[in-house]
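What follows is each chain in one-letter form.
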Number of protein chains: 2
Amino acid sequence: MPKDLPLLTAAPVERRDAARNRRALLDAAAELMGGCGVEALTMDALAARAGVGKGTVFRRFGSREGLMASLLDHREAEWQAGVISGPPPLGPGAPALERLHAFGASRLRLHLDQAALIEAAGRTWGENHAVLGFAELHVRLLLGELGVAGDVAYLATAIIAPLAVPVLRQQMHAGMSEQQILSGWRDFVDRLVGSE
Amino acid sequence: MPKDLPLLTAAPVERRDAARNRRALLDAAAELMGGCGVEALTMDALAARAGVGKGTVFRRFGSREGLMASLLDHREAEWQAGVISGPPPLGPGAPALERLHAFGASRLRLHLDQAALIEAAGRTWGENHAVLGFAELHVRLLLGELGVAGDVAYLATAIIAPLAVPVLRQQMHAGMSEQQILSGWRDFVDRLVGSE
DNA sequence: GGTCGAAACGGACCGCGGTCCGCTTCCATT
DNA sequence: AATGGAAGCGGACCGCGGTCCGTTTCGACC
């Protein structure tokens, strides 16, 4: 009998060399990005730095955008964990409106921090249901707790939309500070949920 | 004395061959795009089709994204004309709230029609102050007419944000129809301005 | 019409993202 | 330990966006 019953949920096991190369690639990516911006992260350079062939890089990540998405996944997972089980007010335990405010603040911060990476990831990032979908679901639930009536799904989308990177870049370009953006967003949300 | 006094507002005059090539390039672009999608619009193919060199294309438009932006400019100008001096309810003459609704409907339609082009234009499109800036200003003025208090500039941005192409694509992907999106947006806006 | 400077042209050239396919490495089984 | 086959690997190759610079064309002025 086999040692490991192949569970239905088990991901297809990764071969040793594959795992090693994955590690090497992510490390090399971090190094290259640390030196300069995302521009420095060339697929050829990455392959060379990690000591693997170019084909391996594309086998792993599918595309440059996919690689960027992988780099973003770590932070995103941390953030989601913070929402699900972290300390309030972002995590559970605070009143819904406070949690909503904390959501906006942390999401804004995340997007500003990772702006370059997010743009480099392009549609690979946003189209991942696990990303935008999670945030939208969270906001929907909070709106429900707040007793908001109407098309809650659309409202959730509309609440998240102005936190998108292109919008933020435009606002920063127009001279707004992170504080101004955040307070604008908070007023906007309050106005939306406060009209009961 | 010169026939044409060079007015201060006059753009630096375009040479004959330059104008001819510009025409040829825009026509060729339309032809190539008509056949297939935006993907078919290769800079090499465009140059060949228009019977000019590749360098000429880049001299004109700066980049592929710039070319896309140029293609969008025509429609955008028409739309802006419709807002400034077209028939109500989009143009002047209708109550502010109706104009706002009409704004959303026509803008939604425009974005859906031109989605592929807009995405291909990338940041060249959004960063043009004449585009997003105009729409935002318009919404700001309408909000002012409606007597909305608070950070009107931010609210204008937030009202426009969910009409961005990536958001729309996500919604269409989730099975929403144009009608559903529009009515969701209208409720959202009503809730925002109706809480006086 | 002739002349001259500037603007426009064109296509060879480069770097990068992405593909392809023959070769190597791993690991389950005997 | 031997072995079979599949998963993984690597780097030559391609197409496209973008640049560069010697050459051509325009048109203003004499």
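## Structural notes on the overall build of chain A
Piece 1. Secondary structure summary: chain A contains eleven helices and zero strands in total.
Piece 2. Listing each helix as α and each strand as β along chain A from the N terminus yields α-α-α-α-α-α-α-α-α-α-α.
Piece 3. Overall, chain A is about 60 × 55 × 25 Å in size when its C-alpha atoms are taken along their principal axes.
Piece 4. Every one of the 196 residues in chain A was classed for burial, and the buried ones make up 42%.
Piece 5. As displayed, chain A has an accessible area near 10600 Å², and 57% of this comes from carbon and sulfur atoms.
Piece 6. Of the side-chain charges in chain A, 20 are positive and 22 negative, and the distance between the mean point of each set is 8 Å.

## Some words on the interface of chain B and chain A
Piece 1. In this assembly, 30 residues from chain B lie in contact with 30 residues from chain A.
Piece 2. With both sides pooled, the region where chain B packs onto chain A buries about 2500 Å², and carbon together with sulfur makes up 56% of that total.
Piece 3. Broken down residue by residue, the surface that chain B buries against chain A is led by Y154(B), Q170(B) and R191(B), which jointly contribute 30%.
Piece 4. R123(A) is paired through a salt bridge with E119(B); the nearest N and O atoms lie 2.2 Å apart.
Piece 5. Contributing elements (two or more residues each) for the side of chain B that touches chain A: α7 (123-126), α8 (129-145), α9 (152-160), α10 (165-173) and α11 (178-193) of chain B.
Piece 6. For the side of chain B that touches chain A, the element with the highest residue contribution is α11(B), accounting for six residues.
Piece 7. Among the residues forming the side of chain B that touches chain A, the class breakdown is 14 nonpolar, nine polar and seven charged.

## Notes on the protein's contact with DNA strand C
Piece 1. Within the structure, DNA strand C sits among 21 residues, and M43(A), K54(A), R64(A), N21(B) and G53(B) are positioned closest to it.
Piece 2. Between a phosphate oxygen of DNA strand C and a main-chain N or O atom of R64(A), the distance comes to 2.7 Å.
Piece 3. A distance of 3.4 Å is found between a phosphate oxygen of DNA strand C and a side-chain nitrogen or oxygen belonging to R59(B).
Piece 4. For the surface near DNA strand C, the element with the highest residue contribution is helix α3 (residues 54-61) of chain B, accounting for five residues.
Piece 5. Grouping the amino acids of the surface near DNA strand C by side-chain chemistry returns four nonpolar, six polar and eleven charged.

## Things to note about the relation of the copies chain B and chain A
Piece 1. Superposing chain B onto chain A takes a rotation of 180° combined with a translation of 0.0 Å along the rotation axis, leaving an RMSD of 0.0 Å. Considering both components of the superposition, the chain copies are consistent with a two-fold axis.
Piece 2. Taken together, the interface assignments show that 100% of the residues at the interface of chain B recur at the interface of chain A, consistent with an identical surface on both copies.

## A closer look at the pattern of salt bridges
Piece 1. With the rule as written, the count across this model stands at 18 salt bridges over all chains.
Piece 2. One salt bridge in this structure joins R140(A) and E136(A), with 3.9 Å as the shortest N-O distance. Taken as a pair, R140(A) and E136(A) lie in helix α8 (residues 129-145) at a separation of four residues, close to a single helical turn.
Piece 3. Taking the relative accessible area as the measure of exposure, E136(A) reaches 17% and is therefore buried.
Piece 4. Of the charged contacts in the structure, one is a salt bridge between K54(B) and D44(B), with a shortest N-O distance of 3.2 Å. Of this pair, K54(B) sits in helix α3 while D44(B) sits in helix α2 (residues 43-50); the two residues are ten residues apart in sequence, bridging distant segments of the chain.
Piece 5. Judged by its relative accessible area of 39%, K54(B) falls in the partly exposed class.
Piece 6. One salt-bridge network, in which partners are shared between bridges, spans R109(A), D113(A) and E178(A).

## Observations concerning the packing of aromatic side chains
Piece 1. Taken as a whole, this structure holds seven aromatic pairs over all chains when the rule is applied.
Piece 2. These aromatic residues form a ring-pair network of at least three members: Y154(A), F188(A), Y154(B) and F188(B).

## Concerning the protein's contact with DNA strand D
Piece 1. Around DNA strand D sit 21 residues, and of these R15(A), N21(A), R16(B), K54(B) and R64(B) come closest.
Piece 2. The protein-proximal atoms of DNA strand D, defined as those within 4 Å of the protein, are 63% sugar or phosphate.
Piece 3. G55(A) has a polar backbone atom sitting 3.2 Å from a base oxygen of DNA strand D.
Piece 4. For the surface near DNA strand D, the secondary structure elements donating two or more residues are α1 (16-35) and α3 (54-61) of chain A together with α1 (16-35) and α3 of chain B.
Piece 5. The residue inventory of the surface near DNA strand D, partitioned by class, reads four nonpolar, six polar and eleven charged.

## Thoughts on the packing of helix α9 (residues 152-160) of chain A against α11(B)
Piece 1. Following both chains from N to C, one finds α9(A) and α11(B) inclined at 70°, their axes separated by 9 Å at the closest point. Put simply, α9(A) runs roughly perpendicular to α11(B). Residues Y154(A), L155(A) and A158(A) of α9(A) touch α11(B), and the partners they reach there are I181(B), G184(B), W185(B), F188(B) and R191(B).
Piece 2. Of the residues in the contact of α9(A) with α11(B), the class split is six nonpolar, one polar and one charged.

## Side note on the confidence of the model for chain A
Low pLDDT means the predicted coordinates in that region are not meant to be read closely.
Piece 1. Here chain A shows a mean pLDDT of 89. Residues at 70 or above account for 92%.
Piece 2. When the criterion is pLDDT under 50, residues 1-10 of chain A qualifies, and its contacts beyond four places in sequence or with other chains add up to zero contacts.

## Points about the side chain of R99(A)
Residue and element names in this part refer to chain A.
Piece 1. Mapped onto the elements, R99 comes out in helix α5 (residues 96-113).
Piece 2. Within the structure, R99 has its side chain in polar contact with the backbone oxygen of V83 (distance 3.1 Å).
Piece 3. Excluding anything up to four places from it in sequence, R99 contacts V83, P89, L90, G91, P92, A94, H138 and L142.

Cut-off values and rules
- Residues numbered from 1 in each chain as written.
- Chains lettered and ligands numbered in written order.
- Predicted model: local features only at pLDDT ≥ 70, side-chain atom pairs only at ≥ 80, totals over all residues.
- Heavy atoms only, no water.
- Helix = DSSP H or I, 4+ residues; strand = E, 2+ residues; numbered from the N terminus.
- Buried < 20%, exposed > 50% of the residue type's maximum accessible area, 1.4 Å probe, protein only.
- Areas by Shrake-Rupley, 256 points an atom, 1.4 Å probe, with all protein chains shown as cover.
- Lys, Arg positive; Asp, Glu negative; His and termini not counted.
- Charge placed at Lys NZ, Arg CZ, Asp CG, Glu CD.
- Contact = heavy atoms within 4.5 Å.
- Buried area = accessible area lost by both parts, 1.4 Å probe.
- Salt bridge = Lys/Arg side-chain N within 4 Å of Asp/Glu carboxyl O.
- Nonpolar A, V, L, I, M, F, W, Y, C, P; charged D, E, K, R; others polar.
- Near = heavy atom within 4 Å.
- Polar contact = N/O pair within 3.5 Å; in protein donor to acceptor, adjacent residues only side chain to side chain.
- Least-squares fit on C-alpha atoms with pLDDT ≥ 70 in both.
- Phe/Tyr/Trp six-rings, centres within 6.5 Å; stacked < 30°, edge-to-face > 60°.
- Axes fitted to C-alpha atoms, helices over the stretch in contact; angles between N-to-C directions.
- Parallel < 35°, antiparallel > 145°, perpendicular 65-115°, else oblique.
- pLDDT = per-residue confidence, 0-100.

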